[in-house]
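# Architecture at a glance
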Amino acid sequence: MDKQLRNLNFDDKIQTVFSDEGRQNVVKRIKKLEKKPRLKLYIPKFVSTLVVTGVLFLGIVLISNEYNSPRETNTGSHASESINESNSEDGSHYSLDVDNNKDPDEIINGIIDEFSKDQLKVDAYVDRQDSTYNPYNYSLYMAHLDSAVMTGNYFYHSAFEGPPNTIEEIQLYLESILEHLNMIVYEEESEERIKEVIELTNHAIERKANLDDPIYDEIHDILHQLDEYYNMNPFIDDITTEGGAVVPEKIRDFEAEARESKK
Amino acid sequence: MGAIEEKSQQSLDYLHHKPSESIVEIMNIYGDEIKRLVFSYVNNEVDAEDVTQEVFVTVYQKLHTYQGDSSLKSWIYSIAINKSKDYLRSWHSRNQKLLNKIKNSGNLLVVSKETPEKETIKQDESDNLFEKIMDLPIKYREVIVLYYYKELSLKEISNILGQRLPTIQTRLFRARKKLKDLLLDEKEGYTWINN
């Protein structure tokens, strides 16, 4: 069998050749393939260009953010510092946590209210010589001023407008006092005194008391005491001297002290 | 035969740097030979032409991977054999085989109407042997073709086909025995239509 196989001219039996057409087809297909790699060469270049552009753009965005963010951060940090300072001064604690479900205006107003109330807080007694003494009780100052006008203890104001004459004007002053007192956050000592003056003011509004009613002097006395107690710079009442002159209370006190010293 | 067949660094550089020119030369050298090899597998002129084109396109695409570990001829042979087997596994090839089987159904074993003497007169003995080789199953046919007609050593065949050397030796032994049986059957008046 081996000899038979060796004697067979196998290739002669397969009378076939690889045609010229077949060779041309191969060359055509190769040329097509050669074009594709060129495209493949351009694709990485295009992709790398795109990546570099993207990175540059990202860099520019990041740098611009870097320029903007410190200002925002500083503003924010200053704000928070000032809040913290006021916190540390009056010893209060509050939260500015924002509820995302709330209306933005509502949130802002809430923050303002919270901030304002904190500034107006009447807290425990701090020695007046202490620089940390609360200087912010503007509402207490204004409530005292209003009551001083009503009781004839604010001359200059009275000279221009005069004390309230009608019930409506009195009511406006009383409502103003009430509004200022409601702005105050009070706690610990003097809480009862503030509650008392608020109660008296409400009572005066209900009674529609005339200006000569002693309830106004009572309101003024309490506010005067609280203002002097809590504020570093309280409202100074005007008073009429024995000679008929209207002077600030401090001058009268000074004159009284002078007379006392002469004696 | 040019420098392209030499296993030198110069020829490798030429193959790697000028693949388009190289493939034209390769086709000139091995074109007919590869087509005959492919034909020995697919046993069809048209399919052999298509598969041969595929072979040379693949050679061009993979030319940069050729490192000269084997002869260029062996390397191209292995591509041609793999492509031919891929074709035989393809749906098209299977469909063709099935159609041929349907056409010849019922004639699996037929008694020759002609006497062996007449048959011998009609057909040359070598033609008969060729037909019997082409009727062998692929795994036997390929070792016969590669060993006897492509002048490859058993070791080379083992490398090209990715089979162990003893396996190739066994296959060659069995292929020869099967051929002998087929030829004897024919002398006795029986013809196996399908392999």
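Everything discussed here concerns the structure shown above.
Residues numbered from 1 in each chain as written. Chains lettered and ligands numbered in written order. Predicted model: local features only at pLDDT ≥ 70, side-chain atom pairs only at ≥ 80, totals over all residues. Heavy atoms only, no water.

## Quick look at the interface of chain A and chain B
Buried accessible area, meaning the area lost when the parts come together, often serves as the stated size of an interface. Put simply, the test is: Residues are treated as being in contact if the distance between any of their heavy atoms lies within 4.5 Å. Here the quantity called buried area is the accessible surface, traced with a 1.4 Å probe, that two parts lose on coming together, added over both. When a carboxyl oxygen of Asp or Glu lies within 4 Å of a side-chain nitrogen of Lys or Arg, that pair is called a salt bridge. Here a polar contact is taken to be a pair of N or O atoms separated by no more than 3.5 Å, where protein atoms must pair a possible hydrogen donor with a possible acceptor and residues adjacent in sequence count only if both atoms sit in side chains. Secondary structure follows DSSP: runs of H or I at least 4 residues long count as helices, runs of E at least 2 residues long count as strands, and numbering of each begins at the N terminus. Each residue gets one of three labels, nonpolar for Ala, Val, Leu, Ile, Met, Phe, Trp, Tyr, Cys and Pro, charged for Asp, Glu, Lys and Arg, and polar for the others, Gly among them.
Each partner contributes residues to the interface: chain A has 23 residues there, and chain B has 38 residues. Counting the surface lost from both chain A and chain B, the interface buries some 2900 Å², and carbon and sulfur atoms represent 64% of this. Sorting the residues of chain A by area buried against chain B places Leu5(A), Phe10(A) and Phe18(A) first, and these three jointly supply 23% of that buried surface. Across the pair Arg36(B) and Asp11(A) runs a salt bridge whose closest N-O atoms are separated by 3.5 Å. Scanning the region where chain A abuts chain B turns up 14 residue pairs in polar contact (both at pLDDT 80 or more). Residue assignment for the side of chain A that touches chain B shows that the elements contributing at least two residues are α1 (2-7), α2 (10-13) and α3 (20-90) of chain A. With 9 residues, the single largest contributor to the side of chain A that touches chain B is α3(A). Considered class by class, the residues forming the side of chain A that touches chain B number 11 nonpolar, 5 polar and 7 charged.

## Thoughts on unusual backbone geometry
Residues and elements named next belong to chain B. Under the convention used in this document: Relative accessible area decides the class of each residue, using a 1.4 Å probe on protein chains only: under 20% of the type maximum gives buried, over 50% gives exposed, and in between gives partly exposed.
Its identity as a non-glycine residue notwithstanding, Asn-43 has a phi of 55 degrees, on the positive side. Looking at the secondary structure, you find Asn-43 in the loop between α2 (19-42) and α3 (45-62). Classification of Asn-43 by relative accessible area gives partly exposed; the value is 39%. A positive phi angle, near 55 degrees, is found at Glu-151, a position not held by glycine. Relative to the helices and strands, Glu-151 is located in the loop between α8 (138-149) and α9 (154-161).

## Considering helix α9 (residues 214-230) of chain A
Residue and element names in this part refer to chain A. What counts, and what does not: Each helix should span, by expectation, one fewer than its residue count multiplied by 1.5 Å.
Compared with an ideal rise of 1.5 Å per residue, which puts 17 residues at 24 Å, α9 spans 25 Å between its outermost C-alpha atoms and is within 8% of the ideal. Looking only at α9, the buried set comprises Ile-215, Tyr-216, Ile-219, His-220, Ile-222, Leu-223, His-224, Leu-226, Asp-227 and Tyr-230. The opening residue of α9, the one whose side-chain oxygen lies 2.9 Å from the backbone nitrogen of Ile-215, is Asp-213.

## Considering the nonpolar core
Rules: For the purposes of this section, nonpolar cores are sets of buried Ala, Val, Leu, Ile, Met, Phe, Trp, Tyr and Cys residues that join through side-chain atoms within 4.5 Å.
Of all hydrophobic cores here, the largest spans 59 residues; its most connected members are Ile133(B) and Ile144(B). Leaving out residues up to four positions away in the same chain, Ile144(B) has contacts with Leu5(A), Ile133(B), Leu136(B), Tyr149(B), Leu172(B), Ala175(B), Arg176(B) and Leu179(B). Among the nonpolar cores identified, the runner-up in size contains 28 residues, and Leu145(A), Leu174(A), Leu178(A) and Leu226(A) belong to it.

## What about the pattern of salt bridges?
Side chains that differ in sign of charge can pair as their charged atoms come close. Considering all chains together, one arrives at 15 salt bridges over all chains under this definition. Taking the shortest distance from any N to any O, the salt bridge between Glu196(A) and Arg193(A) comes out at 3.4 Å. Placement of the pair is Glu196(A) and Arg193(A) together in helix α8 (residues 191-207), with a separation of 3 residues, close to one helical turn. Accessibility expressed as a relative area gives 29% for Arg193(A), which makes it partly exposed. Notably, a salt bridge pairs Glu33(B) with Lys73(B), separated by 4.0 Å at the nearest N-O pair. Residue Glu33(B) is found in helix α2, and its partner Lys73(B) is found in helix α4 (residues 72-89); the two are separated by 40 residues along the sequence. With a relative accessible area of 25%, Lys73(B) lands in the partly exposed category. Several salt bridges converge on common partners, so that one network encompasses Asp2(A), Arg6(A) and Arg176(B).

By themselves these figures say nothing about function.
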